[in-house]
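The lines below spell out each chain.
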Amino acid sequence: MLRYGSPGEDGGLKPFLSAMSELGYVDGRTVQYDYRYAGNDAGRLPALAAELAASRPDVMMAFGGDIAPFVRDATQSLPIVFSVSADPVRLGLVASLNRPERNATGITFLHDELGSKRLQLLKEAVPRLSRVAFLWNPDHLDNELPETSRAAQALKMELLSLPVRKTDELQAAFDRATAARVDSVYVVTSTLMVNSMPRILSFATENRLPLIGGWGAWASAGGLMSYGPDVNLMVSRTAVFVDKILRGARPAELPVEQPTRFELTVNTKAARSLGLNIPESYLVRADHILE
């Protein structure tokens, strides 16, 4: 397992490890997990991926669209199971979602209308918003910028694109957002952004900016809202792919799974701290309300 961050930031693996345990795999007895951590330094990922591939594991795991390309480049023969919010076709992991035809398969959180839906939900909750800081990692190949840009035009909102490829570029992005007088923040979730969540939320809180992210963790950590799939459920599904491959299945023949249900989470405590009054008619549509 190639990891972008450090062991202390690795809580996102728990759903996968729990699902493996439920399938009967016992760490150290019937399965062995071998980790490499890049410490949020993307420059270390190619060598670490090559090191893992050289050990000839039965399966290589790629959790995150900003990790998957390095695992892909490290091997064209070892089975790869991925869980990404990026586009696995654009990443070159699979030929198509239904017929991977290569040595990789797994889960994608990607859905064509998620970006526009998130912006619509944010605007509906806070109608006065007009200028959005759009934080994203260009190395994470997804469709959110074009989708959200089209939605912004339709909603008569201005989208300020703030590309961030590494953590030391965050402050410059924050400075640009402040200079542009943005009134809200939209975060495109990637491993880099998740590992930078405390800094991003701190910026939004200090500047009293409503923030929306891709799934529940953004809202539960202090953002205004999130909209997206149940990530823990989707990550746990990767264990099913690993189990099938260990039992002899070929990745090329296992279709990639996509989410079919999306959850709206609203943090009403964050809303109160921002002086916002989210209408009851809006809250009744939420799947989760955090008090």
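What counts and how
- Residues numbered from 1 in each chain as written.
- Predicted model: local features only at pLDDT ≥ 70, side-chain atom pairs only at ≥ 80, totals over all residues.
- Heavy atoms only, no water.
- Buried < 20%, exposed > 50% of the residue type's maximum accessible area, 1.4 Å probe, protein only.
- Helix = DSSP H or I, 4+ residues; strand = E, 2+ residues; numbered from the N terminus.
- Arc of directions from axis to C-beta.
- Contact = heavy atoms within 4.5 Å.
- Pairing = 2+ DSSP bridges.
- Axes fitted to C-alpha atoms, helices over the stretch in contact; angles between N-to-C directions.
- Parallel < 35°, antiparallel > 145°, perpendicular 65-115°, else oblique.
- Left-handed = near helix turned anticlockwise from the far one by under 90°.

(A) Examining helix α2 (residues 45-54) more closely. For α2, every residue scored as buried is listed here: L45, L48, A49, L52 and A53. An end-on view of α2 places all buried positions within 135° of arc, on one side of the element. Of the residues in α2, the exposed ones pointing more than 90 degrees away from the buried face are A47 and A54. For α2, the elements touching its buried residues are β1 (2-3), β2 (36-37), β3 (60-63) and α3 (68-74). Of the residues flanking the end of α2, it is R56, one or two places downstream, whose phi is positive at about 55°.

(B) The arrangement of the sheet that holds strand β12 (residues 288-290) in detail. The seven strands are arranged β7-β6-β8-β9-β10-β11-β12 in an open sheet whose pairing can be described as mixed. Only two strands of the sheet have a single neighbouring strand rather than two, namely β7 (158-163) and β12. The mean inter-strand angle of the sheet, taken between neighbouring strand axes irrespective of direction, is 20°. Taken together, the four bridges between strand β6 (residues 131-136) and strand β8 (residues 184-187) define a ladder with parallel strand orientation. Considered in β8, the bridge of A133 is made with V185. Those strands touched by helix α5 (residues 144-154) are β6, β7 and β8, and its axis lies near 160° from that of β7.

(C) Looking closely at the pairing of β8. Residues of β8 alternate between two faces, with S184 and Y186 on one and V185 and V187 on the opposite face, all of them buried. Sheet topology places β8 next to strand β9 (residues 211-213); two bridges connect them, and they run parallel. Among the inter-strand pairings, Y186 is bridged to a residue of β9, identified as I212.

(D) Highlighting the side chain of R118. By secondary structure assignment, the location of R118 is in helix α4 (residues 114-125). For R118, the residues in contact, after removing those within four places along its chain, are E144, Y186, I212, G213, G214, Y227 and G228.

(E) Looking closely at the packing of helix α6 (residues 170-179) against helix α8 (residues 197-206). Their axes nearest at 11 Å, the elements α6 and α8 cross at an angle of 20°. Classed by the angle they form, the pair α6 and α8 counts as roughly parallel. For the pair α6 and α8, the crossing hand works out as right-handed. Touching L170, Q171, F174, A177 and T178 of α6 are R199, I200 and F203, all from α8.

(F) View of unusual backbone geometry. Positive phi outside glycine occurs at E101, with the angle close to 60°. Structurally, E101 is set in the loop between β4 (80-84) and β5 (104-108). The phi dihedral of R181 is positive, around 55°, even though this residue is not glycine. Looking at the secondary structure, you find R181 in the loop between α6 and β8. Taking relative accessible area as the criterion, R181 reaches 70% and is therefore assigned exposed.

(G) Expanded view of α5. Of all the residues in α5, the buried ones are E144, E147, T148, A151 and A152. Along the axis of α5, the buried residues cluster in a sector spanning 135°; they form a single face. Opposite the buried face of α5, by more than 90 degrees, sit the exposed residues Q153 and A154. Where α5 is buried, its residues contact α4, β6, β7 and β8. Of the residues trailing α5, K156 is marked for its positive phi of about 60°.

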